[in-house]
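Per-entry structural report
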Amino acid sequence: MCDVGTKALWSCSINATSSLQTGCVTLNVTPPADAPVGKYSLSIELGRPLAVKESLVVLFNPWCQNDWVYLPDEKERQEYVMNEQGHIYTGTAHCFSPMFWDFGQFEEEMVDICLKLLDVNPKHKRDPEDDVSARCNPIYVGRVISAMINCYDDMGVLQGCWDGDYQDGVCPTRWTSSVSILQRWFQSGCKAVKYGQCWVFAGVMCTVMRFFGIPCRVVTNFVSGHDTNNSLTIDQYFDEYGLKKMGKEDSIWNFHVWVEGWMKRPDLDQDGRYDGWQVLDPTPQERSEGMFCCGPAPVSAIHDGHTNLKYDVPFVFSEVNADVVKWKIKADGSKIKMKYLTDTAKVGQKISTKAVGSTAINDLTNTYKYKEGCTMERVVFDNAVRRMNSPGHDVLHGTCEVLVVREVELSLEESCLRNSQDIKLNLKLSNRGRSVKSLSISVNAQVTNYTATKVKNVLHDSCFQRLNAGQVVNIPILIPYSAYCKYAVTHDSMKVSVDATDENGDIYETDTDITLEEPAISIKVLGEARLHHPVMVQVEFKNPLNETLRFCSLTISGSGLFRSEHFESIRELPANTTLTHQIQTTPYRAGLKTVVADFDCSAFRDVKDSCTVYVKP
């Protein structure tokens, strides 16, 4: 909350460019740095019965040193406040790609939309005066926005869906812009838009944060832990055949996306130790103080394992640094810990955001934790567990187990794999011991979504392998396109796991997450783009299959180029043929703009490409 007793006064002066003789007066109105954000009424009395009434909108000011969101670097201010377009990273840690996102915080209606979002939040409804007075505080505002982007406790913007059934809404992979989502919500009377998933929630929140002047960036955490009980471990369970038991317990997502907002945290420490980037997550996962929201959690507190601090530091710490503990469930229901299989380094890889002023990737992993394998990483983890006061938790369990040398090592080798082709992998077995090992091997492949929710088993195979001391054996694994094609339309991920048991009952395990690469699509602007002059956009897509693609559609969009999405129904695309589509548009805003193409059909869901064009004035 802001201290009302210390508030500075507003000031107003006549601008030097004003001409009193012609009756043209320009006023400089300066609100104090701690003024609540929102719309204000401005009344001017001219000394006669005439009066002028206007309104102005006050935002946070990252250029002002007295503002809690002050960001010293001008290049960062341009990127994290003023940039209307960016990239969101999805996929897996070893095979990821940038997805273009149109934030559009300066598009039409955005003032009314973002102010409406604050005014319909439950805290405003309960106590409007208290809520408005607290809007001078970016910690408070950021937390409100985090709750309001999802709709589960309030009149929020987006409804989530992860079951693959999007018939009564829009598939999350279709979205490329926050603008259309926020406009739909506002124009429907604050009715939740269907549907979103983590990158959509984060993209929309980044738009609202940047609109209010809070520096914000979208961050992707690959191999992201979801710890449901604040144990700081991810407990996984497998049956006797090596099949993973799926449920609503701890899980590891291929990736998860949140935002970071830049602000001071004097509520935690007066010396500025926790100032700077703060994690805020609008995806509805776990409740925080009774609401589906998360943060702001200082990145510095996450890095140092200060899990006793607010808001939601333990949950985010687990997302980036939890230990993975694996258990085998026996036929009688009992469980045994899988030997050597506590993994202290798996969770939290390639934590990434778009780089300042370029399309390059910026790896943030070292801002969230010490390098995996170093002493300080284990010290921080153990201290984080102690701060959580977990009764009976052996804080040294990770350190003890990683010192054990495995006699048998398993690894899966693969590269970025294309949807529409057979999947080929190589299982590498290495015997580092001095004795022969007889291994009973189970191989399983499960189609999943990116949150690791199983859809269908598409491969279950087993074999026996004798492994001499020092021997290395390679075993090919094939997953035919025919086995997974009907599930890949709505789910582009696959979990391949291998479970090996030796004659002594010791268990060895490895797995990999596969993200299928979609067929290529291209979009380009033909010729020079000038403001208010027509220009042609061309899209090409080749059908890679030996069958006709049905229910085809093409969507083209881009702020500053298209005032609304252009939708084209293609119906069918014959086998191995190329679609070439041209459309004329008239740019209505100058500057660097991006146009996006989205092709959707019966076999491939939302295949995208984008290109950047400079619109001359």
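Here is what the cut-offs are and how they apply
- Residues numbered from 1 in each chain as written.
- Predicted model: local features only at pLDDT ≥ 70, side-chain atom pairs only at ≥ 80, totals over all residues.
- Heavy atoms only, no water.
- 1 Å grid on protein atoms, 1.4 Å probe; cavity = no way out; pocket = protein on both sides within 12 Å on 5 of 7 lines; lining within 4 Å.
- Points joined across faces, edges and corners; volume = space filled by probe spheres on them.
- Helix = DSSP H or I, 4+ residues; strand = E, 2+ residues; numbered from the N terminus.
- Pairing = 2+ DSSP bridges.
- Buried < 20%, exposed > 50% of the residue type's maximum accessible area, 1.4 Å probe, protein only.
- Contact = heavy atoms within 4.5 Å.
- UniProt positions renumbered as here; feature names shortened; annotations may be inferred.
- Domains from an automatic or database assignment.
- Buried area = accessible area lost by both parts, 1.4 Å probe.
- Salt bridge = Lys/Arg side-chain N within 4 Å of Asp/Glu carboxyl O.
- Patch = residues over 30% accessible without salt bridge, like charges linked within 9 Å, V, L, I, M, F, W, Y side chains within 5 Å.
- Areas by Shrake-Rupley, 256 points an atom, 1.4 Å probe, with all protein chains shown as cover.
- Polar contact = N/O pair within 3.5 Å; in protein donor to acceptor, adjacent residues only side chain to side chain.
- Core = buried A, V, L, I, M, F, W, Y, C linked by side-chain atoms within 4.5 Å.
- Nonpolar A, V, L, I, M, F, W, Y, C, P; charged D, E, K, R; others polar.

Further remarks concern the layout of surface pockets. Here the largest pocket defines a volume of roughly 1100 Å³. Taken together, 43 residues line the largest pocket, and the ones lying closest to its centre are Thr90, Ser97, Asp492, Glu518 and Asp606. For the lining of the largest pocket, the elements supplying multiple residues, two or more each, are strand E5 (85–92), strand E6 (95–102), strand E11 (251–263), strand E25 (507–517) and strand E33 (607–616). The greatest single-element share of the lining of the largest pocket, amounting to six residues, is contributed by E6.

Where E5 lies against E6, eight bridges are found, and the strand directions are antiparallel. Bridge assignment links Thr92 to a residue of E6, and that residue is Cys95. Between E5 and E6, which pair antiparallel in sequence order, lie two residues.

A few words on the sheet that holds strand E27 (residues 529–530). In space, the five strands of this open sheet follow the order E27-E33-E32-E29-E30, with mixed pairing throughout. At either margin of the open sheet sits one strand with a lone partner, and together these are E27 and strand E30 (566–573).

By secondary structure assignment, the location of Leu526 is in strand E26 (residues 521–526). According to the relative accessible area criterion, Leu526 is partly exposed, its value standing at 31%. Along the backbone, Leu526 and Gln584 are 58 residues apart, and their C-alpha atoms lie at a distance of 9.8 Å. Those residues in contact with Leu526 that sit more than four places away from it in its chain are Val535, Met536, Gln538 and Gln582.

On to the UniProt feature "binding site: Ca(2+)" (unreviewed entry) in the chain. Taken from the UniProt record, the annotation "binding site: Ca(2+)" (unreviewed entry) applies to Asn321, Asp323, Glu372 and Glu377. Spatial clustering of the annotated residues is evident: they stretch over 57 residues in sequence, but the largest pairwise C-alpha distance comes to 11.5 Å. By the secondary structure assignment, Asn321 is in helix H9 (residues 313–321). Residue Asn321 is classed as buried on the basis of its relative accessible area of 1%. Those residues within four positions of Asn321 in sequence are excluded, and the remaining contacts are Val347, Lys369, Glu372, Glu377 and Phe381. Checked against the element boundaries, Glu377 lands in helix H11 (residues 375–388). Residue contacts for Glu377: discarding those within four places in its chain leaves Asn321, Thr344, Tyr370, Lys371 and Glu372.

Turning next to the domain arrangement of the chain. A common way to report how large an interface is uses the accessible area buried once the components associate. Segmenting the chain into domains produces domain 1 (74–389), domain 2 (408–517) and domain 3 (521–615). Distance between the C-alpha centres of domain 2 and domain 3: 38 Å. The largest share of the area that domain 2 buries against domain 3 comes from Ser420, Tyr481 and Val489, three residues that together contribute 76% of it. At the boundary of domain 2 with domain 3, the tally comes to zero salt bridges.

Let us look at the pattern of salt bridges. Following the criterion strictly, the structure yields 32 salt bridges and no others. Here Asp511 and Lys346 are joined by a salt bridge, their closest N and O atoms 3.1 Å apart. Of this pair, Asp511 sits in strand E25 while Lys346 is found in the loop between strand E15 (335–337) and strand E16 (349–354), placing the two residues 165 residues apart along the sequence. Residues Asp511 and Lys346 agree in their burial class; the two are buried. Among the charged side chains, a salt-bridge network with shared partners connects Arg174, Asp598, Asp600, Arg605, Asp606 and Lys608.

Here we come to a nonpolar patch on the surface. Residues Trp10, Ile14, Leu20, Val25, Leu27 and Val29 make up a contiguous nonpolar surface patch of roughly 520 Å² in combined accessible area. The residue Leu27 is located in strand E2 (residues 27–30) in this model. A residue is classified by how much of its surface remains accessible, and Leu27, at 32% relative accessible area, is partly exposed.

Burial in helix H1 (residues 74–82) covers these residues: Arg77, Glu79, Tyr80 and Val81. Tucked into the core, H1 has its buried residues touching helix H7 (198–211), strand E9 (216–226), strand E12 (276–280) and E16. Between the side-chain oxygen at the start of H1 and the backbone nitrogen of Lys75 there is a gap of 2.9 Å, and the oxygen is on Asp73.

Once that is clear, we can look at the nonpolar core. Trp101, Leu117, Ile145, Ile181, Trp199 and Phe212 are the most contacted members of the largest nonpolar core, which totals 64 residues. The set of elements that each furnish at least two residues to this core consists of E5, E6, helix H2 (110–119), helix H5 (138–149), helix H6 (178–187), H7, E9 and E11. If one sorts the elements of this core by residue count, H7 sits on top with 11 residues. Beyond its immediate stretch of four places on either side in the chain, Trp199 contacts Ile88, Met99, Trp101, Pro172, Thr173, Phe255, Val257 and Tyr450. With 60 residues, the next largest nonpolar core counts Leu429, Val473, Ile477 and Leu579 among its residues.

Another point: the pairing of strand E23 (residues 472–479). Burial of the side chains of E23 is restricted to one face: Val473, Ile475, Ile477 and Ile479 are buried, whereas none of Val472, Asn474, Pro476 and Leu478 on the reverse face is. Pairing between strand E20 (residues 423–431) and E23: eight bridges, direction antiparallel. Bridge pairing in E23 places Asn426 opposite Pro476.

Since one α-helical turn is 3.6 residues long, residues separated by three or four positions face the same way. With nine of its nine residues buried, H9 lies for the most part within the structure. Of the positions making up H9, those classed as buried are Val313, Pro314, Phe315, Val316, Phe317, Ser318, Glu319, Val320 and Asn321.

Quick look at empty space enclosed by the protein now. All told, the structure shown has three cavities of 30 Å³ or more when counted by the stated rule. Within this model, the largest cavity holds a volume of roughly 80 Å³. Together, Glu79, Tyr80, Gln85, Gly86, His87, Phe103, Arg210, Arg217, Val218, Thr353 and Lys354 line the largest cavity. At the level of elements, H1, E5, E9 and E16 are the ones that each hand at least two residues to the lining of the largest cavity. For the lining of the largest cavity, the leading source of residues is E5, giving three residues. As a volume, the second largest cavity reaches approximately 50 Å³. In this structure, the second largest cavity is lined by Arg174, Thr176, Thr555, Ile556, Ser557, Glu565, Val596, Ala597 and Asp598. Taken together, the elements giving at least two residues each to the lining of the second largest cavity come down to strand E29 (549–557) and strand E32 (591–600). Partitioning the lining of the second largest cavity into residue classes produces three nonpolar, three polar and three charged.

Look at the UniProt record and you will see "active site" (unreviewed entry) annotated at Cys198, His256 and Asp281. Their sequence span is 84 residues, while the largest C-alpha to C-alpha distance among them is just 9.8 Å; these annotated residues converge on one region. Of note, His256 is situated in strand E11. Dropping the residues within four chain positions of it, His256 is found in contact with Cys198, Val219, Thr220, Asn221, Ser224, Asp281, Thr283, Gln285 and Glu319. Relative to the helices and strands, Asp281 is located in the loop between E12 and strand E13 (297–298). Judged by its relative accessible area of 1%, Asp281 is buried. Among the polar contacts made by the side chain of Asp281, one reaches the side chain of His256 at a distance of 2.6 Å.

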